[in-house]
Amino acid sequence: MTRRSGMAMGVDNDVFEQLVETVGRFTRERLIPAERQVESEHEIPDDIVMQMKEMGLFGLSTPEAYGGIGLSAAQEAKLIETLCYASLTFRSLIGTNVGIGSQGIVMDGTPEQKQDWLPRIASGEIITSFALTEPDHGSDAAGIRTRARRDGSDYVLDGTKRYITNAVRAGVFTVIARTDPDQPGADGLTAFIVPAGTPGITVASPDRKMGQNGTTTSDVIFEDVRVPESAIIGGPSMLNRGFRTAMKVLDRGRIHIGAMAVGQAQRMLDIATDYALDRKQFGKPIGEHQLVQGMLADCQAELQAGRALVRATAETYDQEGKAILEASCTKYFCTEMAGRVADRALQIHGGAGYMAEYDIERLYRDIRLLRIYEGTSQIQQIVIARRTLAARAA
């Protein structure tokens, strides 16, 4: 694939549109028909996993030089919106490889780290996990207690990470650990690349969750896990700077989640619209009743706003290399918007929407998580408010 001129990343528009069309067809013809099977078996079929590898979906954001497709943030957002018309479980399988599990290496890794890991991540040979959250510290990432003490030329990791996506499948973890206990808060944290087979790592059984069955999260326990100094993302010069890496990764990741929310909101609106056309009450389709029309109109208006926000933020990120305020606004608005769309879509279904035989019941449960992970809505509000105040005070 060839790069577009003037952009740090991205592929030729014609090639990209062909990829979007292919993913859209795959989503409709293979993923959506498999949703109920995944829901009941808590597992994505192996043939789907293989197809996703063959399509290059595990390497969407990895540079071409390392075997990936090398999409820009704007292209990634559009493709993820297309993929997320189907169950979010499918996106979760590739999500860590595309985002938080790989981008720290892409952004800050040494040339050797990039060469060692990125080709295998992009191909899907290795599944990645991002180990940041802990039992007592989720949104307060600066309070991390997992320690990495120096022992000769090595570091020894001890601690427990919680709700780690794809941990049971992982071939490698990005682990955020405290290397300087004397530095408070976000200072003194370092990002390590830790192969899953390193002695001392225990991955607990997958969590039971409200929704997104087939998506696995687990506790990961590190006990005397020894890694060399070369495992620090970016090398020794990045010692005690791991929180900065984590925040850069989450910045692009929040655009990605906004796109996920838009894709699911479109699916739920389409389902609700079809139901409103088919279901009859008082002698006519319920879509002809004004109060139902009002709910559909609200869904459509908010969906259009969310899609526009994702695209604008992604363009800003591509042009400037960051979009901290805009990314938080995107994650906050789009995930909250998708929650409102889900609620209205279920309401339009009436009692049927509460029944498991209707897709909206499952989608309603699945969408709820988006307002929590990779920075809760409340954390986004804090980021947005602080940056707004700081901009006016400057």
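Relevant structure appears above.
So, here is what we can say about the structure in this document. Source: prediction; values computed, not measured.

## Notes on the packing of helix α8 (residues 290-320) against helix α9 (residues 324-349)
Moving on, step 1. Taken N-terminus to C-terminus, the directions of α8 and α9 make an angle of 160°; their axes are 9 Å apart at the nearest point. Considered as vectors, α8 and α9 are oriented roughly antiparallel to each other. α9 is crossed by α8, and the crossing has left-handed handedness.
Moving on, step 2. Among the residues making up the contact of α8 with α9, the classes are represented as 15 nonpolar, five polar and five charged.

## With respect to the side chain of Ser87
Moving on, step 1. When you line up the elements, Ser87 lands in the loop between α3 (73-83) and α4 (88-98).
Moving on, step 2. Exposure remark for Ser87: the relative accessible area of 6% places this residue in the buried category.
Moving on, step 3. Setting aside chain neighbours within four positions, we find Ser87 in contact with Glu35, Gln264, Arg267, Arg362 and Asp366.

## Considerations on the pairing of strand β4 (residues 172-178)
Moving on, step 1. Counted residue by residue, β4 has seven buried out of seven residues, so it is predominantly covered.
Moving on, step 2. Taking every second residue as pointing to the same face, both faces of β4 are buried, with Val172, Thr174, Ile176 and Arg178 on one and Phe173, Val175 and Ala177 on the other.
Moving on, step 3. Sheet topology places strand β1 (residues 128-131) next to β4; four bridges connect them, and they run parallel. The partner of Phe130 across the bridge, within β4, is Thr174.
Moving on, step 4. As paired strands, β4 and strand β5 (residues 189-195) are joined by seven bridges and run antiparallel to one another. Note that in β5 the partner of Ile176 across the bridge is Ala191.

Calculation criteria
- Residues numbered from 1 in each chain as written.
- Predicted model: local features only at pLDDT ≥ 70, side-chain atom pairs only at ≥ 80, totals over all residues.
- Heavy atoms only, no water.
- Axes fitted to C-alpha atoms, helices over the stretch in contact; angles between N-to-C directions.
- Helix = DSSP H or I, 4+ residues; strand = E, 2+ residues; numbered from the N terminus.
- Parallel < 35°, antiparallel > 145°, perpendicular 65-115°, else oblique.
- Left-handed = near helix turned anticlockwise from the far one by under 90°.
- Nonpolar A, V, L, I, M, F, W, Y, C, P; charged D, E, K, R; others polar.
- Buried < 20%, exposed > 50% of the residue type's maximum accessible area, 1.4 Å probe, protein only.
- Contact = heavy atoms within 4.5 Å.
- Pairing = 2+ DSSP bridges.

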